[in-house]
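# Structural overview
Spelled out, the chains give:
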Amino acid sequence: MSEELNVNPKEAVGQEAELAAENMAAGREKKPEIDVDQDYEASKQYSVSDIDKSEAGAQAASAATAPQREMPQPEKTRVVAEPTGNPEDYREMAKDVNPRK
């Protein structure tokens with residue numbers, strides 16, 4: 001499926017692109033043919049490298065993503081807040097949160 005390139009010098013980004021677009025529009029330069037389907041099929045060949053198709057690629061990926069240091073396992077802690085009936089305990093907590101009052 002070949003498509004024709006539509007060139008517009010006003011939409012070109014950069015001086016060289018604008019000059020090339022002007023030359024193509026004037027017929028001094030040939031417009032490139034664009035075959036999207038063929039380009040897509042050709043790009044599939046480059047989507048996976050040769051090393052990734054082998055066991056060496058899997059080993060290299062594993063080595064590259066392995067952690068550099070041993071991570072310690074989190075320890076479970078259990079905090080139990082014992083209820084008290086002393087209002088002074090709550091006042092002390094409130095002072096810790098807002099010491100201005």
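Before reading on, note that the structure itself is shown above.
A short tour of the structure in this document, coming up.

About the criteria used
Residues numbered from 1 in each chain as written. Predicted model: local features only at pLDDT ≥ 70, side-chain atom pairs only at ≥ 80, totals over all residues. Heavy atoms only, no water. Helix = DSSP H or I, 4+ residues; strand = E, 2+ residues; numbered from the N terminus. Contact = heavy atoms within 4.5 Å. Salt bridge = Lys/Arg side-chain N within 4 Å of Asp/Glu carboxyl O. Buried < 20%, exposed > 50% of the residue type's maximum accessible area, 1.4 Å probe, protein only. Expected span 1.5 Å × (residues − 1). Arc of directions from axis to C-beta.

Turning our eyes to something else, we now look at the side chain of Asn23. Relative to the elements of secondary structure, Asn23 occurs in helix α1 (residues 15-26). Excluding residues within four positions of it along the chain, Asn23 makes contact with Arg28 and Glu29.

Here we take up the pattern of salt bridges. This model, assessed by the stated rule, comprises three salt bridges. Across the pair Arg91 and Glu88 runs a salt bridge, and its minimum N-O distance is 3.3 Å. With Arg91 and Glu88 both in helix α4 (residues 87-97) and three residues apart, the pair spans about one turn of that helix. A salt bridge links Lys95 to Glu92, with the shortest nitrogen-to-oxygen separation between them at 3.9 Å. Highlighted residues: Lys95 and Glu92, both in helix α4, separated by three residues, approximately one helical turn. With a relative accessible area of 43%, Lys95 lands in the partly exposed category.

This paragraph deals with α1. Working note: α-helix, 3.6 residues per turn, so residues spaced by three or four point in the same direction. Taking 1.5 Å of rise per residue, twelve residues should cover 16 Å, and α1 covers 17 Å from first to last C-alpha, within 8% of that figure. Where α1 is concerned, the buried positions are Ala21, Asn23 and Met24. Mapping the buried residues of α1 onto a view down its axis gives an arc of 165 degrees, with all of them on the same face. Residues of α1 that are exposed and point more than 90 degrees away from the buried face comprise Gln15 and Ala25.

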